[in-house]
Amino acid sequence: MVIEPKIRGFICLTAHPAGCEQNVINQINYIKSKKAIDGGPAKVLVIGASTGFGLASRITSAFGSDAATVGVYFEKPPAPGKPGSAGWYNTAAFEKQAHDAGLYAKSINGDAFSDEIKEKTIALIKKELGQVDLVIYSLASPRRTNPKTGVAHNSVIKPIGEVFTNKTVDFHTGVVSEISINPATEEEIANTVEVMGGEDWAMWIDAMKEANVLANGVVTVAYSYIGPALTEKVYRKGTIGRAKDHLEATAFEINDSLKAIDGKALISVNKALVTQASSAIPVIPLYISLLYKTMKAEGIHEGCIEQIQRLFEQRLYNGSTIPTDDKGRIRIDDWEMRPDVQAKVDELWKIADTESLKSIGDLAGYHGDFMNLFGFEVPGVDYTADVNEVVEVSGLV
Ligand code: NAI
Ligand code: NA
């Protein structure tokens, strides 16, 4: 069939297999253009492996370090006449490339928050890999059913304590407007922590430790975000920030629990990027379009793959101590947070409106990246061609 984008706000209901495949190949080629990661991981579990930072982590492990990878994700398989989700096609493309390169790659599609998927993943690792030496935790989800209580929780993106009013942009039309978001209730805060906090990460690591599938010296990393003062009321000091505070605190607990096997739990604070998760957060798309413009002008713009390549090469596997901030976090958002970059974004923010954004912001870059997430507007792909929407993931268990 010929597949066209069907956009509904910050989601696209269709995805293009050839575009997704090209995106994955481009990321693989980027990793191959870099030198191999010395002392990199050998057997890796990526939880949230099909898109964004998780996919980039899987690609970097496989093609930068020849690692065997197991990916866990929650994606919609295609059916005749009905395209699957982007993460499905990304994984199909990744596993095809990995298998062609002689690399072990298998995946599990299902709810990572459930006991069932944890058990299934652990059984697979036990049987086929024995143990893993790196566990990447890269889930982004609007809901979670807690397996211990059976309660389903929904996260919200709201400020805490007071109404937040600021500028935002509709990244499809370029219209800048003001939005006000009411503060979250205590219950909404608690629910957001349930979904995006660290409890599930700890459950994964506990279950894996219990089953003896974590190698001696194992490293586990979860991704966090901080961002500037500009977005802090809706992000870092809002509901999602509370969840990230919890995630970061959980890193210390997991770290203690891994001491017996010389393991480490780490947080990596990553850069703001266009992903399915971040495009749903108000204000952030405007910030990102000003940030992209500024970082591109400075020659320091990075996407997920560049971020994760640098994380592996210069932080996790740098052959020496892993540099962290005063809260023990790896900072790969260092270029985003550079004072000169933030001063420039602040200056642009003050004058940003529908008219000025056309020249001071990188809305085209934002919009293009958003379309790319779903395999659209990828250079070199013929979108008029008939493609087979039913694509299999070769390593699916
Ligand atoms: P994403 O939306 O691209 O990826 C989310 C992944 O989680 C996908 O593989 C998806 O299939 C999987 N997933 C979601 N619910 C699941 C479930 N119930 N069971 C199994 N898999 C499930 O998101 P992104 O942006 O890569 O986010 C990953 C992490 O990085 C998050 O913790 C996010 O907060 C963090 N981060 C994101 C930044 C950004 O600007 N996008 C910046 C810094 C950190
Ligand atoms: Na991810």
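Residues numbered from 1 in each chain as written. Chains lettered and ligands numbered in written order. Predicted model: local features only at pLDDT ≥ 70, side-chain atom pairs only at ≥ 80, totals over all residues. Heavy atoms only, no water.

1. Description of the pattern of salt bridges
Inspection of every chain in the model, using the stated rule, returns 26 salt bridges. Salt-bridge contacts for Lys296 lead to Asp362; the nearest nitrogen and oxygen are separated by 2.6 Å. Within this pair, whereas Lys296 is found in helix H9 (residues 284–298), its partner Asp362 is found in the loop between helix H12 (354–360) and helix H13 (363–373), the two being separated by 66 residues in sequence. When its relative accessible area of 13% is taken as the criterion, Asp362 is described as buried. (Salt bridge = Lys/Arg side-chain N within 4 Å of Asp/Glu carboxyl O. Helix = DSSP H or I, 4+ residues; strand = E, 2+ residues; numbered from the N terminus. Buried < 20%, exposed > 50% of the residue type's maximum accessible area, 1.4 Å probe, protein only.)

2. Regarding the packing of aromatic side chains
Under the criterion given, the structure shown has nine aromatic pairs. On the numbers, 5.7 Å between centres and 55 degrees between planes, the contact of Phe312 with Tyr317 is tilted. No difference in accessibility class separates Phe312 from Tyr317, as the two residues are buried. These aromatic residues form a ring-pair network of at least three members: Phe171, Tyr366, Phe370 and Phe374. (Phe/Tyr/Trp six-rings, centres within 6.5 Å; stacked < 30°, edge-to-face > 60°.)

3. What to know about the site of ligand 1
Taken together, the neighbourhood of ligand 1 is formed by 29 residues, with Ser50, Thr51, Ala112, Lys244 and Thr275 sitting nearest. In this structure, a nitrogen atom belonging to ligand 1 sits 3.2 Å away from a main-chain N or O atom of Gly110. Protein contacts shield 92% of the accessible area of ligand 1, which totals 840 Å² for the unbound molecule. Where the shell around ligand 1 is concerned, the elements lending two or more residues are helix H2 (52–65) and strand S11 (214–224). For the shell around ligand 1, the per-class residue count stands at 13 nonpolar, 12 polar and four charged. (Near = heavy atom within 4 Å. Polar contact = N/O pair within 3.5 Å; in protein donor to acceptor, adjacent residues only side chain to side chain. Areas by Shrake-Rupley, 256 points an atom, 1.4 Å probe, with all protein chains shown as cover. Nonpolar A, V, L, I, M, F, W, Y, C, P; charged D, E, K, R; others polar.)

4. Quick notes on the coordination of the sodium ion (ligand 2)
Protein-derived coordination of the sodium ion (ligand 2) comes from Gly48 (O), Thr51 (O), Gly54 (N), Ser138 (O) and Ser138 (OG), at a distance range of 2.8 to 3.2 Å. Taken in chain order, the donor set of the sodium ion (ligand 2) reads G-x2-T-x2-G-x83-S. Of the two residues, Thr51 sits in the loop between strand S3 (43–47) and H2 while Ser138 sits in the loop between strand S6 (132–137) and strand S7 (143–145), which places them 87 residues apart along the sequence. (Donors = N, O, S within 2.8 Å, 3.2 Å for Na, K, Ca; no water.)

5. Side note on the sheet that holds strand S4 (residues 68–73)
Strand order in the open sheet made by the seven strands is S5-S4-S3-S6-S11-S12-S13, with parallel pairing throughout. Each of the sheet's edge strands pairs with one partner strand only, and the pair in question is strand S5 (105–109) and strand S13 (330–331). Each of S3, S4, S5, S6 and S11 is contacted by H2, which is oriented at about 170 degrees to S4, the strand it contacts most. (Pairing = 2+ DSSP bridges. Contact = heavy atoms within 4.5 Å. Axes fitted to C-alpha atoms, helices over the stretch in contact; angles between N-to-C directions.)

6. As for the environment of Tyr366
Residue position: Tyr366 is located in helix H13. Separated by 194 residues in the primary sequence, Tyr366 and His172 place their C-alpha atoms 9.4 Å from one another. Apart from residues lying up to four places away in sequence, Tyr366 is in contact with Phe171, Val274, Ser278, Ser279, Pro285, Ile288 and Ser289.

7. Overview of the confidence of the model for the protein chain
Note that predicted coordinates carrying low pLDDT should not be read in detail. Overall, the prediction assigns the protein chain a mean pLDDT of 96, with 100% of residues at 70 or greater. Scored as a whole, the predicted complex attains pTM 0.98, and scored at its interfaces, ipTM 0.98. (pLDDT = per-residue confidence, 0-100.)

8. Observations regarding the packing of H9 against H13
Close contact between H9 and H13 brings their axes to 8 Å; oriented N to C, the two are set at 110 degrees. The angle between the axes of H9 and H13 places the two elements in the roughly perpendicular class. With respect to the hand of their crossing, H9 and H13 are arranged in right-handed fashion. Seen from H9, the contacting residues are Pro285, Ile288, Ser289, Tyr292 and Lys296; seen from H13, they are Leu363, Gly365, Tyr366 and Asp369. In the contact of H9 with H13, the residues fall into five nonpolar, two polar and two charged. (Parallel < 35°, antiparallel > 145°, perpendicular 65-115°, else oblique. Left-handed = near helix turned anticlockwise from the far one by under 90°.)

9. A word on the packing of H9 against helix H11 (residues 339–351)
In contact at an axis separation of 9 Å, H9 and H11 are set at 130 degrees when each is read in the N-to-C sense. Between H9 and H11, the angle is such that the two are oblique. Taken as a pair, H9 and H11 cross one another with a handedness that is right-handed. In contact with Leu286, Tyr287, Leu290, Leu291, Thr294, Met295 and Glu298 of H9, H11 contributes Asp340, Val341, Gln342, Lys344, Val345, Leu348 and Trp349. A breakdown of the residues in the contact of H9 with H11 according to their chemical character gives nine nonpolar, two polar and three charged.

10. Re the side chain of Ser141
Positionally, Ser141 belongs in the loop between S6 and S7. If near-sequence neighbours (up to four positions away) are discounted, Ser141 is found in contact with Phe113, Ser155, Val195 and Met196.

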